[in-house]
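Residue-level structural notes
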Amino acid sequence: MRGPRRQSILFVVSEPVLQHAAPVHHTWLYRRAVLPILALLRMGASPRTLAWSIAAGVVIGINPILGSTTFLCLAIAFFLRLNVAASQIANHAVYPLELLLVIPFIRLGSRIFHTVPMPLSPEMFLEGVRRSPVALVRQLWMWEWHAFAVWLAIAAVAVPGIAFALTPVLRRLLVRVQRHEYPILP
């Protein structure tokens, strides 16, 4: 036989119902560029180091020698003891700018170094390949190195300028991250 049946009394305590904000749907750029930088701030990266890392990544990312940016950015970040992740994020974020700026760098290099301007028509390139491929390769290398020299002069001014501009912004973001004031950015 069963024992006496216990009845439980349920007390209902009314708690205030918290209204949750609608989930924020961030853009692709925000998720891929801003959130990783905020994560680096949360992990203890200093705003100054992050600013210099981002500045170096952005400027290295637009250098006119196609295919060299990732390795160059990695080498500079290791050599200068910058944050490799932040510099690579910035480097890859500006990749479309690199493609847009190759021809202007080459043209500016041709003007500054007083060389023959690079022809942009495929017919002229094919004619150069038919006549003298070695001379065309030499000319292409000369245009590239002149463009690189122009980029290097611009980089010497742009990296510190970008770093000095980003440092106070990242310091303010760090304060908001430490206070857990979310959303950090709209």
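Described below are features of the structure shown in this document. (Residues numbered from 1 in each chain as written. Predicted model: local features only at pLDDT ≥ 70, side-chain atom pairs only at ≥ 80, totals over all residues. Heavy atoms only, no water.)

Volume-wise, the largest pocket comes out at about 280 Å³. If you trace the largest pocket, you find 17 residues lining it, with Ala33, Val34, Ile37, Ile54 and Leu166 closest to the centre. Elements that contribute at least two residues to the lining of the largest pocket include exactly helix 1 (28-42), helix 4 (84-93) and helix 7 (133-178). Of the residues forming the lining of the largest pocket, the biggest block, six residues, is contributed by helix 1. (1 Å grid on protein atoms, 1.4 Å probe; cavity = no way out; pocket = protein on both sides within 12 Å on 5 of 7 lines; lining within 4 Å. Points joined across faces, edges and corners; volume = space filled by probe spheres on them. Helix = DSSP H or I, 4+ residues; strand = E, 2+ residues; numbered from the N terminus.)

In this section: the side chain of Asn83. Considering the arrangement of structural elements, one finds Asn83 in the loop between helix 3 (69-79) and helix 4. Using a relative accessible area of 17% as the deciding quantity, one classes Asn83 as buried. Of the polar contacts made by the side chain of Asn83, one reaches the backbone nitrogen of Ala85; its length is 3.1 Å. Excluding its chain neighbours within four sequence positions, the residues that come into contact with Asn83 are Leu40, Ala45, Thr49, Leu50 and Ser53. (Buried < 20%, exposed > 50% of the residue type's maximum accessible area, 1.4 Å probe, protein only. Polar contact = N/O pair within 3.5 Å; in protein donor to acceptor, adjacent residues only side chain to side chain. Contact = heavy atoms within 4.5 Å.)

Bringing a nonpolar patch on the surface into the picture now. A contiguous nonpolar patch, built from Leu108, Ile112, Phe113 and Ile154 and spanning about 340 Å² of accessible area, is present on the exposed surface. Structurally, Leu108 can be placed in helix 5 (residues 95-112). (Patch = residues over 30% accessible without salt bridge, like charges linked within 9 Å, V, L, I, M, F, W, Y side chains within 5 Å. Areas by Shrake-Rupley, 256 points an atom, 1.4 Å probe, with all protein chains shown as cover. Salt bridge = Lys/Arg side-chain N within 4 Å of Asp/Glu carboxyl O.)

For the rest of this paragraph, the subject is the pattern of salt bridges. A full pass over the atoms with the stated rule returns two salt bridges. Put simply, Arg130 and Glu127 hold a salt bridge, and the shortest N to O gap is 3.9 Å. Of the two residues, Arg130 and Glu127 both sit in helix 6 (residues 122-131), three residues apart, roughly one turn of that helix. Under the relative-accessibility criterion, Arg130 is labelled exposed at 62%. Linking Arg131 and Glu127 is a salt bridge whose minimum nitrogen-to-oxygen distance equals 3.7 Å. Residue Arg131 and its partner Glu127 are located together in helix 6, separated by four residues, close to a single helical turn. When its relative accessible area of 36% is taken as the criterion, Glu127 is described as partly exposed. Each of Glu127, Arg130 and Arg131 takes part in salt bridges that share partners, so that together they form one network.

With that settled, consider the environment of Ala163. Checked against the element boundaries, Ala163 lands in helix 7. Residue classification places Ala163 among the buried positions, given a relative accessible area of 0%. It is 9.8 Å that separates the C-alpha atoms of Ala163 and Pro47, two residues lying 116 residues apart in sequence. Not counting residues within four places of it along the chain, the set of residues in contact with Ala163 comprises Ala51, Trp52 and Ala55.

Below, the discussion takes up the packing of aromatic side chains. Taken as a whole, this structure holds four aromatic pairs when the rule is applied. By way of ring pairs, the aromatic residues Trp141, Trp145, Phe148 and Trp151 are connected into one cluster. (Phe/Tyr/Trp six-rings, centres within 6.5 Å; stacked < 30°, edge-to-face > 60°.)

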